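# Notes for the structure review
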Amino acid sequence: MAAIETDGLAKRYGSVAAVEGLDLTVEAGTIYGFLGPNGAGKTTTMGLLTGLTRPSGGTATVAGVDVRDRDRLGARIGYVPDTPPLYEKLTAREQLSAVADVRGLDPERARERVDALFDRFGLAAADDRIESYSKGMKQKTSVIQAIVHEPAVLFLDEPTSGLDPNAARTLKAALTELRDEGTAVFLSTHVLSVVDELADTVGLLSDGRLLAEDDPERLVADRDGDTLEDAFVELTTDTDLSGRLRESP
Amino acid sequence: MTSPSVVVARVALRQTYRRVRESRRMTAFFLLIPGFFALQVSGAVGPGAYDVGRRFAAGEVAPVVAEIRGVVLSGVVLLALMGVLGAAGGNSEFKDRYVAFLTATSTQAVAVGSVARQTAVWTALFWPVALVGAVAFALGAGAPVAAVSLVGGSLWLFVVAGVATAPVGFGARWLLDGYGLSKNARFGLGVGMLGLFYLVLFTRRTVGAALDVTPLSWAGDLLLLTVPDAGASPYRAGGFLLASVGVVLASLVASVRLAEAVWYGDRALVDDDEESDDAPATTPVRDVLASVVPRPTAALVETTWRRTKRTPKTLWYVYPAVFVGLIMGEQLVFNGPFSAAMYAPIVAFTGALAAGSGFTLNPLGTEGDALPALLTAGVSGETFVRAKAYAVVLPAMPLLVGAALGTAIGVGVGSALVVAAVGVFAVAMAVLAPLCSLALGVHYPPGDEGLLGEDVQIPNKSASAAYTLGMVVVGAPGFGALGTYALSGAVDPATVVGGVGATVVLAAVVSRHAYRHAVATVDAYSVE
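Here the structure is a predicted model, which is why all the values come from computation and not from measurement. (Residues numbered from 1 in each chain as written. Chains lettered and ligands numbered in written order. Predicted model: local features only at pLDDT ≥ 70, side-chain atom pairs only at ≥ 80, totals over all residues.)

## Notes on the overall build of chain A
- Check the secondary structure of chain A and you find 10 helices and 10 strands.
- Counting only residues that meet the buried cut, chain A has 51% of its 249 residues in that class.
- Residue pairs in contact within chain A that sit at least 24 positions apart in sequence constitute 66% of those at least 6 positions apart. (Helix = DSSP H or I, 4+ residues; strand = E, 2+ residues; numbered from the N terminus. Buried ≥ 20, exposed ≤ 12 C-beta atoms within 10 Å, placed from the backbone. Contact = placed C-beta atoms within 7 Å.)

In structure tokens form, the structure reads like this:
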């Protein structure tokens, strides 16, 4: 069973199609790099796959759960949005303790796991209020919150934003470990080097449609340039291709 | 070249204006508030300035002039208090608002621009009431020239009050930052000022009379200067004008000095309830709650309490409900026909109204940035709505019922039936309040409403209005029945039981529907 499977997934706002006819398959134990220019529909797709946004059409299952069933979906996924979803007035420990309880985890086991994750991510100020954190510290807390329950699928939207090189390396190592443990990681970012380094498969979205999907090396090899950036630019500025995609049913 | 202060004020005002214009609710707020009071003051609804003008024209010169002088003095006091309250409780001097300007021009220009913006906003909101009152008086008096000094003088009073109280805002922040107090302390200051405001509001005539022998009374001469035969002294009017210009200049200087201290002092804010480093896996409060409700619900209730305690501004809308209670007490009992027994249903009704006026009026919005984490954590609508309702009912119910019963017994209600009815009425309203406000509040997602300083989402104003209406409709039969007793002093069991019973039945039906509606809305919530 694929970790993520969509069939003709769509989201329309009136006459505007934010996502249209999206067919995706992401296997367990892989990292999927989700790329696209600004306004391509990446965040909307994240919303659809995490159950935060209701689809206008098509189907999608994540870890075998229909994305419309938000209550069941929550137990199987972790989500790191671009803005850390944290209560500023709580400490990181209070926040994670509350989320662990909300998720129905055993309090003692959750505390042990949270402590281990604090150590792993080097979050020394776990008992300070989140409002006093730097952006990087908030991002670390957000990531810990998303993986505390060992989800089957982890969604991340610009996860390295605001992280210093050390923290970014820690996060990348953690994502690789999660993949090796069988977690499917769905990673949306503009930092192509991160995708190049981590992703097993890259999907390129433009105007709400999937322009291309392949492993990073083949995606580059099939184009004129030498890097993923070259392939990204070539694909997203190929107006003929975009036009054909828009016209296709 | 345009002065930098003018540019700062103009840009800040343009931003405020566009925010108001682009939001129907804010536009309605800016039109309805002055519109409502203008109708009252002018005489379009009930006796007002137009009628006072008619009396003036009919020869009642001395009493009318004395009345206007009294109104001016109590108005000066109220303006000063409102200005202080707004400055102390507001956030106009928040540095981040002006960073772009502070790196481009002098601190003096930015501080003056900030004060100008603040003064212009509150003048635009409230001065039209005085304007309409002045014109109505002139029309009633048949002396259009009277409007000149009344309009100009009242405008000047608003400007003076706005500028003169601006340093209070900077001063409040300087004190709090300088002494390492938290933002909560500022909120406490605002609440203290609100209490003082109520006190002066009720005693404004006495305060006005006391000030009549001071130079502040010269403000009356300024406003009456062009009113024919009013006997205003141009010397005293000029004296007031000169003195107030001095106050304005001194206030601007003080604002600039304080702005420099506040914006460049950069003392770190300290929270006044720092937590211990010894952090357990869970807390006793949550454990106790979890013994009676599911653990996820208990975690949400405790988190809501903890966040509310640390951000009490989320309870800001609770205070207008308390204010309504004070007004009802003053109008119905203190200066009205009802006996003190009426205080008990007033406490029950307005206490319940207050209880539902906090975070439940915008439950999704008050989750802030954390909402996606909550929704992707598998929290069902039922868990969410129950948690928010428990977070209100658990502290509010004992307080509310205790206060209502205590009041009934304390004011000497002798009938056991009436005391019991007060208790039942309080319970019904306390259950209804959070569910009714949740059912309305869930329709207002994050970002739908503006911020009340820093990161605090305030309840939507239309939700507030609909919620109040719902509470009034459900509470009316019981309130009316208890009012009948308070008016006559005679116990009519059929009226008391029938009225309170009707409220109980209505509250049960509305609460049930409200709960189901809130749950369904949260379950269907989609980030668009």
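Picking up where we left off.
## What to know about the interface of chain A and chain B
- Facing the 38 residues of chain A at the interface are 30 residues of chain B.
- Taken together, the elements giving at least two residues each to the side of chain A that touches chain B come down to α2 (70–73), β6 (77–80), α3 (92–102) and α4 (107–121) of chain A.
- In terms of residue count, the dominant contributor to the side of chain A that touches chain B is α3(A) (seven residues).

## Some thoughts on helix α9 (residues 228–236) of chain A
- When we look at burial in α9(A), the residues that qualify are Leu228(A), Ala231(A), Phe232(A), Leu235(A) and Thr236(A). The buried side chains of α9(A) occupy one side of the element, clustering within an arc of 110° when seen end-on. (Arc of directions from axis to C-beta.)

## Some details on the environment of Gly64(A)
- Relative to the helices and strands, Gly64(A) is located in the loop between β4 (57–62) and β5 (65–66).
- A C-alpha to C-alpha distance of 10.0 Å links Gly64(A) and Ala152(A), two positions 88 residues apart in sequence.

## Digging into the environment of Gly231(B)
- Within the secondary structure, Gly231(B) is located in the loop between α10 (218–224) and α11 (234–265).
- For the pair Gly231(B) and Ala62(B), spaced 169 residues apart in sequence, the C-alpha to C-alpha distance is 9.1 Å.

## Some words on the sheet that holds strand β10 (residues 209–214) of chain A
Residues and elements named next belong to chain A.
- The strand order β6-β7-β8-β3-β9-β10 describes an open sheet built from six strands, whose pairing is mixed. Every interior strand has two partners, whereas the edge strands, β6 and β10, have only one. Ignoring which end each strand starts from, the neighbouring axes of this sheet average 15° apart.
- On top of the sheet, helix α5 (residues 135–147) reaches β6 and β7 (153–157); it is set at about 170° to β6, its chief contact. (Pairing = 2+ DSSP bridges. Axes fitted to C-alpha atoms, helices over the stretch in contact; angles between N-to-C directions.)

## Here we look at the sheet that holds strand β2 (residues 16–26) of chain A
Residue and element names in this part refer to chain A.
- With antiparallel pairing, the four strands of this open sheet are ordered in space as β2-β1-β4-β5. One side of each edge strand has no neighbouring strand; the edge strands of this open sheet are β2 and β5.
- Packing against the sheet, helix α1 (residues 42–49) makes contact with β1 (4–13), β2 and β4, and its axis sits at approximately 60° to β2.

## Some remarks on the pairing of β7(A)
Residues and elements named next belong to chain A.
- In terms of burial, β7 is largely enclosed, as five of its five residues are buried.
- Side chains Val-153, Phe-155 and Asp-157 of β7 all project onto a buried face; the interleaved residues Leu-154 and Leu-156 project onto the opposite face, where all are buried too.
- In this sheet, β7 lies alongside β6 in parallel orientation, the contact comprising four bridges. The residue of β7 that forms the bridge with Gly-78 is Leu-154.

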